[in-house]
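Listed below, chain by chain, are the residues.
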Amino acid sequence: MAEGQSCNATLEQKDFEIIDRNLIPNITELKNERREKTVEESGWSAPIFSLAKKASENLAVICLGALGSGGRGGEQATGEERSNLMNMMKLSIKVLIQSALSLGRTLDSDFPPLQQFFVVMEHCLKHGLKARKSFIGQNKSFFGPLELVEKLCPEASDIATSVKNLPELKTAVGRGRAWLYLALMQKKLADYLRVLLDHKHLLSEFYEPDALMMEEEGAVIVGLLVGLNVLDANLCLKGEDLDSQKHYVEELNRHLSCTVGDLQSKIDCLEKTNLKLQEELAAAVDRIGSLQEEQQQLKHQNELIRERSEKSVEVTIQDTKVELDTYKQSRQGLDEMYSDVWKQLKEEKKIRMELEKELELQIGMKTEMEIAMKLLEKDTHEKQDTLVALRQQLEEVKAINLQMFHKSQNSESSLQQKKETISSFEGKTNQMMSTMKQMEERLQHAEQARQVAEGKNNKMKQELGGRIETLQQQLSQMDNQCSILEKELKSEKEQRQTLQRELHQEKDNTSLLKTELQQMEGLKKELRKLQDEKQQLEKVCEEQEQALQEMGLHLSQSKLKMEDIKEVNKALKGHTWLKDDEATHCKQCEKDFSISRRKHHCRNCGDIFCNTCSSNELALPSYPKPVRVCDTCHTLLLQRCSSTAS
């Protein structure tokens, strides 16, 4: 029975493990609800639940294999049976140890995991067992190999004698079960079976060559049984219980009916979580749409700001080009003015030397004084001309400064060039101041020369009085002109101060522009962050869509499995094993049983039939190999297999 239940153990277990992963939300709550049950129920009901699921699918697999494979897959089937039995033994030993340790007391014969272990152990010992002929008929009993332990290991003689002395035991199966109970209580079950495996030449009399006990799986199972030495058991040996057949199918049916409700509640929870995920997905899609709209708005604003900045840069470049041209032109004019002033200074120096020579020579000569006065008059006219030229140059400088002021309001890059022009203008004004000082020094020298000439030429005052008065008037006019020039220089200084103030304002404007640029950079960073968030949300949406698709697949698979389980449950409900004493005639043909017409149980419905009415064999979920079934059950099972295959 355990062989059939474990044919598809690994496949079914993998399907339910995928459902239990984090692909389905709130699955931890379902696990916590499952853990809140008692330790005893959670320890042994879960393996039985898995066995039931395996049995439900094993029916279709075995039926299809029996119809399609024929005799070609016999060796493969025996290998699968061995591996499935070994897996079932691993599972039953693990559950038994865990539940016994959590229980923390001595185990009795009513402990469900212990009963499950003995059922699986019995099937392992029965696998590949040869049928021994007797005068009654063929008989398969695993107590024969266990009797060899008494010969190979003297320590087991106590177990053999105690089993033989039990008066209530009537069958070899009951004696074999009693032997297993006593060996487990002595904690020497693994040691006794290891002794048997060491003498496989003796076991070959009882087992086929491909039996579980003759292959490597038997050694593995013996190694697993060593872990049972930590358990303490006090088992009751009742002959009726040991001789009777264990109704393991009814136990599975009972637990299947219990687990159907749990699966239905889990399906409801999964549907609710699916609806929640769909709502969250819709909200996420709406949020992504709003974020996309905001992104488009930000892109539009960014383009507008970029266009404005490009336009402002182009304007500033054009202004700087114009300012460079004007600066070059003003520089050329100033250079020409400087060369002219320098020439005038040289000429004035020459004139001064000539005047000194003439003053020394004009001590007693009127003609020379007249020439000197004429020269002075010429000098005064030239100075007036130079003053007029300087005023024109100052007006041009003012106009240039005004142009520079208007142009400095447009860009920040021209500030440094304006500072250089202002510094050059300051140098030029300083040069002009130096030239004015030189002119004043020349005037002072001229006055000194005049005083010397007046001191030396007191005699000539009468003749040159009128001319001297005119010269004094001209000198006073020159002083007035110098005062006027000083006032103009002061006004120029004030204008320079105003220009500096305007430069400070331009610096403030540039700082504001810098802050706006920093804000633009911040907006760009926010755009990048929003783009990253958008990408993350798109990834999350894709993952959620994949999870929903996988959930839909798992739900469809689980629904199909539930339908299969329900069908098996319906087939198993109401089927009871009819006792031999209760049946006196065949249920189908209603012929009385006799020595020639023997009784045969149908392994599916449990009723008793004659040989002709139960000659068919078919694989069932509780049996790995084809077993005897009645004609009605045979037709029903074939119809079910054909429907599932289609």
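It should be emphasised that the depicted structure is a prediction, and the values quoted were computed from it without experimental measurement.

Rules used throughout
- Residues numbered from 1 in each chain as written.
- Predicted model: local features only at pLDDT ≥ 70, side-chain atom pairs only at ≥ 80, totals over all residues.
- Heavy atoms only, no water.
- Helix = DSSP H or I, 4+ residues; strand = E, 2+ residues; numbered from the N terminus.
- Buried < 20%, exposed > 50% of the residue type's maximum accessible area, 1.4 Å probe, protein only.
- Contact = heavy atoms within 4.5 Å.
- Areas by Shrake-Rupley, 256 points an atom, 1.4 Å probe, with all protein chains shown as cover.
- Pairing = 2+ DSSP bridges.
- Core = buried A, V, L, I, M, F, W, Y, C linked by side-chain atoms within 4.5 Å.
- Axes fitted to C-alpha atoms, helices over the stretch in contact; angles between N-to-C directions.
- Parallel < 35°, antiparallel > 145°, perpendicular 65-115°, else oblique.
- Left-handed = near helix turned anticlockwise from the far one by under 90°.
- Nonpolar A, V, L, I, M, F, W, Y, C, P; charged D, E, K, R; others polar.
- Patch = residues over 30% accessible without salt bridge, like charges linked within 9 Å, V, L, I, M, F, W, Y side chains within 5 Å.
- Salt bridge = Lys/Arg side-chain N within 4 Å of Asp/Glu carboxyl O.
- Lys, Arg positive; Asp, Glu negative; His and termini not counted.
- Charge placed at Lys NZ, Arg CZ, Asp CG, Glu CD.
- Phe/Tyr/Trp six-rings, centres within 6.5 Å; stacked < 30°, edge-to-face > 60°.
- Disulfide = S-S within 2.5 Å.
- Expected span 1.5 Å × (residues − 1).

Draft legend 1. Just the overall build of the protein chain, in detail. A count of helices and strands for the protein chain gives 18 helices and six strands. Buried positions account for 37% of the 646 residues belonging to the protein chain. A separation threshold of at least 6 residues defines the contact pool for the protein chain, and within that pool the share at least 24 residues apart is 73%. Put simply, the protein chain shows about 39100 Å² of open surface, and 51% of that area lies on carbon and sulfur atoms.

Draft legend 2. How the structure looks around the pairing of strand 5 (residues 616–620). Where strand 5 lies against strand 6 (residues 623–629), four bridges are found, and the strand directions are antiparallel. Directly across from Leu-620, in strand 6, lies its bridge partner Tyr-623. Where strand 5 folds back onto strand 6 in an antiparallel hairpin, the turn is made up of two residues.

Draft legend 3. How the structure looks around the nonpolar core. Residues Leu-114, Phe-117, Trp-179, Leu-180, Tyr-207, Leu-225 and Leu-228 are the most contacted members of the largest nonpolar core, which totals 56 residues. Not counting residues up to four positions away in its chain, the partners in contact with Phe-117 are Met-89, Ser-92, Ile-93, Leu-96, Leu-189, Leu-225 and Leu-228. Among the nonpolar cores identified, the runner-up in size contains 16 residues, and Cys-605, Phe-609, Leu-620 and Cys-633 belong to it.

Draft legend 4. Quick look at the environment of Met-439. Its location among the elements puts Met-439 in helix 16 (residues 414–456). Residues Met-439 and Lys-383, 56 residues apart in the sequence, show an inter-C-alpha distance of 9.2 Å. Excluding residues that lie within four positions of it along the chain, Met-439 makes contacts with Glu-348 and Lys-383.

Draft legend 5. Broad picture of the packing of helix 7 (residues 143–152) against helix 9 (residues 172–185). Orientation of helix 7 relative to helix 9, taken along the N-to-C sense of each, is 45 degrees, at an axis distance of 9 Å. When the axes of helix 7 and helix 9 are compared, the pair comes out oblique. As helix 7 runs across helix 9, the sense of the crossing is left-handed. Listed contacts from helix 9 to Phe-143, Leu-146 and Val-149 of helix 7 are Ala-172, Arg-175, Gly-176, Trp-179 and Leu-180. Class assignment for the residues of the contact of helix 7 with helix 9 results in six nonpolar, one polar and one charged.

Draft legend 6. A negative patch on the surface, seen in detail. The grouping of Glu-538, Glu-542, Glu-543 and Glu-545 at the surface amounts to a negative patch. On the secondary structure map, Glu-543 appears in helix 17 (residues 461–572). With relative accessibility at 53%, the residue Glu-543 sits in the exposed group.

Draft legend 7. Representation of the packing of aromatic side chains within the structure. In this structure the tally under the stated criterion is three aromatic pairs. Taking the centre distance of 4.4 Å and the plane angle of 45 degrees together, the rings of Phe-118 and Tyr-181 count as tilted. Remark: Tyr-181 occurs in helix 9 and Phe-118 occurs in helix 6 (residues 112–126); sequence separation between them is 63 residues. Residue classification places Phe-118 among the buried residues on the basis of a relative accessible area of 5%.

Draft legend 8. Here's a closer look at the side chain of Gln-481. Tracing the chain through its elements places Gln-481 in helix 17. Residues within four places of Gln-481 in sequence aside, it is in contact with Gln-384 and Leu-387.

Draft legend 9. Local environment of the packing of helix 10 (residues 189–198) against helix 12 (residues 216–225). Where helix 10 contacts helix 12, the two axes come as close as 8 Å, and the packing angle between them is 160 degrees. On the basis of the axis angle, helix 10 is roughly antiparallel to helix 12. As helix 10 runs across helix 12, the sense of the crossing is left-handed. Here Leu-189, Ala-190, Leu-193, Arg-194 and Leu-197 of helix 10 come into contact with helix 12, specifically with Gly-218, Ala-219, Val-222 and Leu-225. Classifying every residue of the contact of helix 10 with helix 12 gives seven nonpolar, one polar and one charged.

Draft legend 10. Structural detail: a positive patch on the surface. Taken together, the side chains of Lys-343, Lys-346, Lys-349 and Lys-350 make up a positively charged region of the molecular surface. Examined against the element boundaries, Lys-350 turns out to sit in helix 14 (residues 248–361).

Draft legend 11. Examining the pattern of salt bridges more closely. Following the criterion strictly, the structure yields nine salt bridges and no others. Put simply, Arg-177 and Glu-122 hold a salt bridge, and the shortest N to O gap is 2.9 Å. Of the two residues, Arg-177 sits in helix 9 while Glu-122 sits in helix 6, which places them 55 residues apart along the sequence. Of the two residues examined, Arg-177 and Glu-122, each falls in the buried class. For the salt bridge of Lys-187 with Asp-232, the shortest nitrogen-to-oxygen distance reads 2.7 Å. With Lys-187 in the loop between helix 9 and helix 10 and Asp-232 in the loop between helix 12 and helix 13 (239–243), this pair connects stretches of sequence that are 45 residues apart. Because the salt bridges share partners, they merge into one network encompassing Glu-122, Lys-126 and Arg-177.

Draft legend 12. Up close: unusual backbone geometry. Notably, Lys-187 is not glycine yet its phi reads approximately 60 degrees, a positive angle. The exposure class assigned to Lys-187 is partly exposed, which follows from its relative accessible area of 31%. The residue Glu-590 is not glycine, and still its phi comes out positive at about 60 degrees. Positionally, Glu-590 belongs in the loop between helix 17 and strand 3 (600–601).

Draft legend 13. Structural context of helix 7. Phe-143, Gly-144, Pro-145, Leu-146, Leu-148 and Val-149 are the residues of helix 7 that are buried. In this structure, the buried side of helix 7 is in contact with helix 8 (157–165), helix 9, helix 10 and helix 11 (200–203).

Draft legend 14. Region of interest: the state of the cysteines. In the structure shown here, the tally under the stated rule is zero disulfides. With no disulfide of its own, Cys-586 lies 3.5 Å from the sulfur of Cys-589, the closest cysteine sulfur.

Draft legend 15. Layout of helix 6. Counted at 1.5 Å a residue, the expected span for helix 6 with its 15 residues is 21 Å, and the 21 Å between its end C-alpha atoms agrees. Judged by how many residues are buried, helix 6 sits mostly within the fold: 13 of 15 residues are covered. Positioned one or two residues after helix 6, Gly-128 has a phi angle of 70 degrees, which is positive.

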